[in-house]
Amino acid sequence: MMRIVLLGAPGSGKGTQAQRLQAKFNVPQVSSGDLLRDAVSRKTSLGLKAKAAMEAGQLVSDAIVLGLIRERLSRVDAQNGFILDGFPRNSDQAATLSKLLIEIGQPLEAVLLMDVRTKTLVQRLAGRRICKHCGKVFSVAALPKDMTCPKNSKGHELYQRADDKEEVIAKRLDVYQSQTKPLIDHYNKLGLLKVIKGEGDLEAITARMEAALKPAKQKRKTNAKTAKKKTKSVRKVTVKKVVKGTRIKKKTIIKLKSVALKKPAVKKSSRKTLAKSGKALVKKSSKPKAKNVSRKTSVRKK
Ligand SMILES: [Zn+2]
């Protein structure tokens, strides 16, 4: 089960990690933007409403987006979970989303926030180039100097998106910060927020996300195991103290006495069983002896 919301600034690698989790855990990445585009193109009733709002220059209402999410999560592929991306964007939306998810019996398990320094975000966004031909996204740092799509240099020219220009990036990040901060606080108060260090090796970031998503049950079990081990080791230590003849507190003496009383009881019972088995052995061994004796006597009699 993986029912999560992904939060992260532009350039935080949220999309890349969502795709990795989707492939690994077989749960769909549900992006509100994709849902809207899909509904509009398929001309569903919600899609038509959304289209009308957009054409009138209005924002698509939360009710429409929530309706699309409800539809999407009722599909078979979302029964093992989902990765929500792009919604909610504010705490009001978060509250209505929570209501919906509880209603359909798929409450949120966690909210993962990709934590990436602003410096790194700017570097990543400013270095982003897109192939005009195949639409693939590249990083300047990973490209050869001639700056062409490595797949096929003919017609595969790279360009920079207008909103990836450095002066625009700063504004985008500001908008994200002011928009998302209340949302982060909201989920933090609910105890759902997990902050993931989103810099470094891709695999390592995915591993951090998985670790953050480990079920609470498993953690509790392992805690109980380690607690048992601890009490055992404590007992051993107190016994050792007695052997060495060092100072013992009253409490430890009481504990040791009860242990000492139990031990002979176990020994007694083991002695009894030993004695019983011993008797049995004696009986068995005495029988053949008697037979031997009778044979001997019978021989003697003959
Ligand atoms: Zn290309």
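Residues numbered from 1 in each chain as written. Predicted model: local features only at pLDDT ≥ 70, side-chain atom pairs only at ≥ 80, totals over all residues.

Engineer: I would appreciate a short explanation of the sheet that holds strand β5 (residues 128-131) in the present structure.
Structural biologist: Picture the strands of a sheet paired through backbone hydrogen bonds; they go either parallel or antiparallel. In spatial order, the strands read β6-β5-β7; together these 3 strands make up an open sheet with antiparallel pairing. Edge strands, defined here as strands with exactly one partner in the open sheet, are β6 (137-139) and β7 (158-159). Sheet topology note: the β5/β6 ladder contains 3 bridges and is antiparallel. Bridging from a neighbouring strand, R129 pairs with F138 of β6. (Pairing = 2+ DSSP bridges. Helix = DSSP H or I, 4+ residues; strand = E, 2+ residues; numbered from the N terminus.)

Engineer: Looking at this model, I keep getting lost on the confidence of the model for the chain. Mind explaining?
Structural biologist: Detailed reading of predicted coordinates is not advised where the pLDDT is low. Summing up the model confidence of the chain, the mean pLDDT is 78 and the portion of residues at 70 or higher is 69%. Counting interchain partners and residues more than four positions distant, the pLDDT-below-50 stretch residues 230-246 has 7 contacts. Overall, residues 248-302 carries pLDDT values under 50, and its contacts beyond four positions in sequence, including any with other chains, amount to 7 contacts. (pLDDT = per-residue confidence, 0-100. Contact = placed C-beta atoms within 7 Å.)

Engineer: Quick question: what am I supposed to make of the pairing of β5 here?
Structural biologist: It is a general feature of regular strands that their side chains alternate between the two faces of the sheet. Between β5 and β6, which pair antiparallel in sequence order, lie 5 residues; one of them, G135, sits at a positive phi of approximately 75°. In terms of strand pairing, β5 meets β7 through 2 bridges, oriented antiparallel. Residue pairing for β7: I130 is matched across the bridge by Y159.

Engineer: Explain the sheet that holds strand β4 (residues 110-115) here, please?
Structural biologist: Read across the open sheet, the 5 strands follow the order β2-β3-β1-β4-β8; overall the sheet is parallel. Strands at the two margins of the open sheet, each flanked by one partner only, are β2 (29-31) and β8 (193-197). Averaged over neighbouring strand pairs, the angle between their axes works out to 25° when direction is ignored. Across 5 bridges, the pairing between strand β1 (residues 2-8) and strand β3 (residues 81-85) is parallel. (Axes fitted to C-alpha atoms, helices over the stretch in contact; angles between N-to-C directions.)

Engineer: Can you walk me through unusual backbone geometry in this structure?
Structural biologist: Following F87, the chain continues to P88 via a peptide bond in cis, the omega torsion being 0°. Position of P88 among the secondary structure elements: in the loop between β3 and α5 (91-103). Phi angles above zero are rare outside glycine, and N26 is one such case at about 55°. Here N26 shows up in the loop between α1 (14-25) and β2.

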